[in-house]
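The lines below spell out each chain.
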Amino acid sequence: MTRIAFTKMHGLGNDFVVVDGRAGAPRLGPADYRAIADRRRGVGFDQFLTILPARGGGDARMSIRNPDGSEAGACGNGTRCVAALLMAESGRDEAAVETAAGTLACRRGPDGRIAVDMGPARFGWRDIPLARAADTLRVPLDGAPEGFGVCACVDVGNPHAVFVVPDAAAAPVASAGPALERHPMFPERANIEFVEIRSRRELRMRVWERGAGETPACGSGACAALVAAARLGLADRRAEAVLDGGTLEIEWTDAGRVTMTGPAETAFAGVLERPDGP
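The following paragraphs examine the structure supplied in this document. (Residues numbered from 1 in each chain as written. Predicted model: local features only at pLDDT ≥ 70, side-chain atom pairs only at ≥ 80, totals over all residues. Heavy atoms only, no water.)

Section: the pairing of strand β10 (residues 191–199)
Line of reasoning, step 1. Note that strand β9 (residues 159–164) and β10 share five bridges and pair parallel. Bridge pairing links Phe163 to Phe194 in β10.
Line of reasoning, step 2. Chirality of the crossover, the property in question, places the unit of β9, helix α3 (residues 173–181) and β10 among those that are right-handed.
Line of reasoning, step 3. Summarising the sheet, β10 and strand β11 (residues 202–209) pair through seven bridges and their orientation is antiparallel. Each bridged residue has a counterpart across the sheet, and for Ile192 the counterpart in β11 is Trp208.
Line of reasoning, step 4. The hairpin turn running from β10 into β11, its antiparallel successor, is two residues long. (Pairing = 2+ DSSP bridges. Helix = DSSP H or I, 4+ residues; strand = E, 2+ residues; numbered from the N terminus. Right-handed = clockwise from strand over helix to strand, strands pointing away.)

Brief notes about the packing of aromatic side chains
Line of reasoning, step 1. Taken as a whole, this structure holds five aromatic pairs when the rule is applied.
Line of reasoning, step 2. Aromatic side chains Phe6 and Phe268 sit 6.1 Å apart centroid to centroid with 80° between the ring planes, which places their arrangement in the edge-to-face category. Highlighted residues: Phe6 in strand β1 (residues 2–11) and Phe268 in strand β16 (residues 265–274), separated in sequence by 262 residues.
Line of reasoning, step 3. Judged by its relative accessible area of 7%, Phe6 falls in the buried class.
Line of reasoning, step 4. Seen from their ring centres, Phe123 and Trp252 are 5.8 Å apart, and the 80° between their planes marks the pair as edge-to-face. Here Phe123 is found in the loop between β7 (114–120) and β8 (151–155), whereas its partner Trp252 is found in strand β14 (residues 246–252), with 129 residues between them in sequence.
Line of reasoning, step 5. An aromatic cluster is present here, built from Tyr33, Phe45 and Phe48 joined pairwise through their rings.
Line of reasoning, step 6. Positioned over the ring face of Phe123 is Arg231, at 4.0 Å from the centre of the ring.
Line of reasoning, step 7. The ring of Trp252 has Arg237 lying over it, and the distance from NZ or CZ to the ring centre is 3.9 Å. (Phe/Tyr/Trp six-rings, centres within 6.5 Å; stacked < 30°, edge-to-face > 60°. Buried < 20%, exposed > 50% of the residue type's maximum accessible area, 1.4 Å probe, protein only. Lys NZ or Arg CZ within 6 Å of the ring centre and 35° of its normal.)

What to know about the pattern of salt bridges
Where charged atoms of side chains with opposite charge meet at close range, the side chains can pair.
Line of reasoning, step 1. Per the stated rule, a full pass over the model turns up 24 salt bridges.
Line of reasoning, step 2. A salt bridge links Arg3 to Glu273, with the nearest nitrogen and oxygen atoms 2.6 Å apart. Of this pair, Arg3 sits in strand β1 while Glu273 sits in strand β16; the two residues are 270 residues apart in sequence, bridging distant segments of the chain.
Line of reasoning, step 3. Residue Arg22 pairs with Glu89 through a salt bridge whose shortest N-O separation is 2.7 Å. Of the two residues, Arg22 is situated in the loop between β2 (14–20) and α1 (30–37) and Glu89 in helix α2 (residues 76–90); the sequence distance between them amounts to 67 residues.
Line of reasoning, step 4. Several salt bridges share partner residues, and in doing so they unite Lys8, Asp15, Arg39 and Asp46 into one network. (Salt bridge = Lys/Arg side-chain N within 4 Å of Asp/Glu carboxyl O.)

So, the layout of surface pockets
Line of reasoning, step 1. Taken as a whole, the largest pocket encloses approximately 220 Å³ of empty space.
Line of reasoning, step 2. Lining the largest pocket are 13 residues, with Leu52, Arg61, Met62, Ser63 and Glu71 sitting closest to its centre.
Line of reasoning, step 3. Sorting the residues of the lining of the largest pocket by element identifies β3 (47–52), β4 (60–65) and β5 (94–99) as the ones contributing at least two each.
Line of reasoning, step 4. Looking at side-chain class alone, the lining of the largest pocket contains six nonpolar, three polar and four charged residues.
Line of reasoning, step 5. Reported here for the second largest pocket is a volume of approximately 190 Å³. (1 Å grid on protein atoms, 1.4 Å probe; cavity = no way out; pocket = protein on both sides within 12 Å on 5 of 7 lines; lining within 4 Å. Points joined across faces, edges and corners; volume = space filled by probe spheres on them. Nonpolar A, V, L, I, M, F, W, Y, C, P; charged D, E, K, R; others polar.)

See the structure below:
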């Protein structure tokens, strides 16, 4: 048996299996990720995070896998969790986490919450990417459910499609999410956000995550929702995003960068046992 120590963490219920692979990362395939993600027969997770040796001057590098084994470029809630572990290790209140979307600077505030600089939001149709040129504030999606508002697309380390809806609680996340994620307009698939504008300083939203399904919170999705709402003139550049799992504070700075602030919690630690051999 190969034994893999892990920490189970979450950010507003968006949960992660975190493995320290700096001394040697476990070799896992799609079937392994699916088995560990199983909430009855495995541990369960929205993303599997592996901490790896830094390559570009950060404190460590983070690999992100979805339950289907696909790789994600960014994970805001997961970044806070990994940053919390690195801060506990170093005794400092800051950490730099390298991701496929760039090196993300993290800082813990006096209230214990962690702020992450998620980098710049990008809006070019090739940045998202879209299958063809389109206005990213009003992306035409053939076959989208009746009654949906405009689809505004944003890249925040990974692709997001934001729908403004009258009532987030009533949005058909589970039924519409899978088809929208894999819509032909999104060649790399997309995270889908259903956003209700409560005020210019408060958004209520639900999320269908690419490769993971509906989750109680999504940090990069909250960033994308705020940026899209601000671009549409519906929200200020700083607002609270209220998700099923809790609230994140999001700011789209005048410099074009997006900062996300929220908690990071440890649930428990354990050991995975994986049979050796093929």
